[in-house]
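Chain by chain, the residues run as shown.
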Amino acid sequence: MLAGATQRSDMDPYDKTSPAIPIGPHWMIMWPFDPKTTGLPTTHKPTGAYIMWAGSPYADLHIMGRP
């Protein structure tokens, strides 16, 4: 996702109605990350890392920033 993307929610992968959220360049590590055991946040950040869609089958780690 080095060109960035647009999504609707950081919490619900099935959300089709919320306003679009532009996401800058990032890496995604697909794994069922759990914020309770990792201590990572679940809210979008322009830099750093956070868990997107925690608790869903699509949970993944977003590492924000250009390579």
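It should be noted that the structure appears before, not after, this text.
Worth saying up front: this structure is predicted, and the values here are computed from it rather than measured. (Residues numbered from 1 in each chain as written. Predicted model: local features only at pLDDT ≥ 70, side-chain atom pairs only at ≥ 80, totals over all residues. Heavy atoms only, no water.)

## Re the nonpolar core
And step 1. Counting residues in hydrophobic clusters, the biggest one holds 5 residues: Ile23, Tyr50, Met52, Trp53 and Met64.
And step 2. Setting aside residues no more than four positions away along its own chain, Trp53 makes contact with Ser9, Asp10, Met11, Asp12, Pro13, Tyr58, Ala59 and Asp60. (Core = buried A, V, L, I, M, F, W, Y, C linked by side-chain atoms within 4.5 Å. Buried < 20%, exposed > 50% of the residue type's maximum accessible area, 1.4 Å probe, protein only. Contact = heavy atoms within 4.5 Å.)

## Here's the deal with the pairing of strand β5 (residues 60-64)
Taken residue by residue, a regular strand's side chains alternate between the two faces of the sheet.
And step 1. Among the 5 residues in β5, 4 count as buried, and that is most of the element.
And step 2. Sheet topology places strand β3 (residues 26-30) next to β5; 5 bridges connect them, and they run antiparallel. For Trp27, the partnering residue across the bridge sits in β5 and is Ile63. (Helix = DSSP H or I, 4+ residues; strand = E, 2+ residues; numbered from the N terminus. Pairing = 2+ DSSP bridges.)

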